[in-house]
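What the coordinates show
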Amino acid sequence: MLPRYFNTDIDNRKRQINTLKIFNDNVVEITEGCEFDVSFNAGDHSLTVRVTLGGDFPKAKPLLEIRPLIEHPWVNEKGVVNTAPGLLNFTPHSDLGRVVQAVIREFQRNPPALASTDSSKPSSVPKLDAESRTSPSFSRYSLSPPIHPGSTMFPELNLLSTEELRFLDECDERQIEFIEELPSVKDQNRMLDDLASQIEELAEENLRKESRLCELRQTVDARIEEVAKLAFDNEQLFSIYQNLSEKYSPRNIQEELGKAAKAAEEESEKIAEQFLHGELDVDRFLNMFIKTKAVFQLRKTKEEKLCHQLNRLEKAGF
């Protein structure tokens, strides 16, 4: 079995709205993402389908309303489409655009009559109770929607005899078989089969790309590991750089020169003490003392000169 790929409810809602605009003309958005009007002509009448999407859509069915009011078995007295096959079987995987398109095509193939505004007239669809269903006169109404001039919901019913209609009304299996043989249902099933084939082809194509995707993922993982190693090396080098920067900063060099000069001065004083205690002869004393004093003087001079230059730079704002 091919794997399924699920989108979020928001993505599915956007996809459903896109199918509405793709499969239907004259789509006008009334309320962003919630209400849409689709206008069309059916016979001599200009009709409009108001498509309302609730907060739970596409988990919940859309609401389709026809204006002006018409007389049609799919439409109740308030103008709400409630028995269209696409709505009865609507799921989150249905196409909103195709469902609305099927409703519009039904009205265009069989243009309905406008509903009468006179409330005193009886309803065009008789209400049947349990007694009337068993009476002989029931054969006039059994499964037969109201017939308007030149239109009917199921023209195939006109070809059936009274006995066949009774059998169809009483047998659920025959009803399912009859519905499955309807051209509109066949068209919808064919579209569903085509869509399933397209999904299967897309899934197979995605599976064919799986090996390449694994290779790319491995390459990315290797590069991430390389980047992590470079980042670690960079941290170490930066630490070394900071240490060297502090060590060889001008102020630090000045301090080190001062320390070195003081050490040379202490060394010269130690040599002088050794001479005074008779531990060194004159020639050796002079040689060592002069050399140590020269080192002290050189370091002291460099330290004072560097300190003077740094103070001038600090005063200049550097």
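So, how was this worked out
Residues numbered from 1 in each chain as written. Predicted model: local features only at pLDDT ≥ 70, side-chain atom pairs only at ≥ 80, totals over all residues. Heavy atoms only, no water. Core = buried A, V, L, I, M, F, W, Y, C linked by side-chain atoms within 4.5 Å. Buried < 20%, exposed > 50% of the residue type's maximum accessible area, 1.4 Å probe, protein only. Helix = DSSP H or I, 4+ residues; strand = E, 2+ residues; numbered from the N terminus. Contact = heavy atoms within 4.5 Å. Arc of directions from axis to C-beta. Salt bridge = Lys/Arg side-chain N within 4 Å of Asp/Glu carboxyl O. Pairing = 2+ DSSP bridges. Axes fitted to C-alpha atoms, helices over the stretch in contact; angles between N-to-C directions. Parallel < 35°, antiparallel > 145°, perpendicular 65-115°, else oblique. Nonpolar A, V, L, I, M, F, W, Y, C, P; charged D, E, K, R; others polar. UniProt positions renumbered as here; feature names shortened; annotations may be inferred. Expected span 1.5 Å × (residues − 1). Phe/Tyr/Trp six-rings, centres within 6.5 Å; stacked < 30°, edge-to-face > 60°.

Grouped together as the largest cluster of nonpolar side chains are 26 residues, with contacts concentrated most on Val49, Val51, Leu64, Val81 and Phe107. Elements with a minimum of two residues in this core: α1 (9–23), β2 (35–42), β3 (45–52), β4 (63–67) and α3 (96–109). With six residues, the single largest contributor to this core is α3. Apart from the residues lying within four places of it in its own chain, the contact partners of Val49 are Phe36, Asp37, Val38, Phe40, Leu64, Glu65, Ile66 and Ile104. By size, the runner-up hydrophobic cluster in this structure holds six residues, among which are Leu165, Leu168, Leu182 and Val185.

Of the positions making up helix α5 (residues 162–170), those classed as buried are Leu165, Leu168 and Asp169. End-on, the buried residues of α5 take up no more than an arc of 100°, which puts them together on one face. Projecting away from the buried face of α5 at angles above 90 degrees are the exposed residues Glu163 and Glu170.

Moving on: the pattern of salt bridges. Within this structure, the stated rule accounts for 14 salt bridges. Ionic pairing is found between Arg67 and Glu65, a salt bridge with its closest N-O pair at 3.7 Å. Linking Arg109 and Glu106 is a salt bridge whose minimum nitrogen-to-oxygen distance equals 3.9 Å. With Arg109 and Glu106 both in helix α3, this residue pair falls three residues apart, about one helical turn.

Our next topic: the sheet that holds strand β6 (residues 80–81). As summarised here, the arrangement of the five strands in space is β1-β2-β3-β4-β6, forming an open sheet in which the pairing is antiparallel. Strands with a single pairing partner mark the edges of an open sheet, and in this sheet they are β1 (27–31) and β6. Of the pairings in the sheet, the one linking β3 to β4 comprises five bridges and is antiparallel in character. Considered in β4, the bridge of Val49 is made with Ile66. Across the sheet, α3 touches β2, β3, β4 and β6, and the angle it forms with β2 is around 30°.

Running from amino to carboxyl end, α1 crosses α3 at an angle of 40°, the nearest separation of the two axes being 6 Å. The pairing of α1 with α3 is recorded here as oblique in orientation. Residues Gln16, Thr19, Leu20 and Phe23 of α1 form the contact with α3, whose own contacting residues are Leu96, Gly97, Arg98, Val100 and Gln101. Considered class by class, the residues forming the contact of α1 with α3 number four nonpolar, four polar and one charged.

Let us look at the UniProt feature "coiled-coil region" (unreviewed entry) in the chain. Within this structure's numbering, the places UniProt gives as "coiled-coil region" (unreviewed entry) are residues 185–212. Strand forms 0% of residues 185–212 and helix 96%; the C-alpha atoms that close the span are 41 Å apart.

Here the focus is α3. For α3, spanning 14 residues, the distance from its first C-alpha to its last is 20 Å, which sits close to the expected 20 Å at 1.5 Å a residue. Taken together, the buried positions of α3 are Leu96, Gly97, Val99, Val100, Gln101, Val103, Ile104, Glu106 and Phe107.

Moving on, we come to the packing of aromatic side chains. A full pass over the atoms with the stated rule returns five aromatic pairs. Residues Phe40 and Phe107 carry aromatic rings whose centres are separated by 6.4 Å and whose planes lie at 15° to one another, so their mutual orientation is stacked. Of this pair, Phe40 sits in strand β2 while Phe107 sits in helix α3, and the two are 67 residues apart along the sequence. Its relative accessible area of 7% is what places Phe40 among the buried residues. Ring centres 6.2 Å apart and planes at 35° place the aromatic pair Phe238 and Tyr241 in the tilted group. Here Phe238 pairs with Tyr241, and both are found in helix α8 (residues 210–247), just three residues apart, close to one helical turn. Connected via pairs of aromatic rings, a cluster forms that spans Phe275, Phe285 and Phe289.

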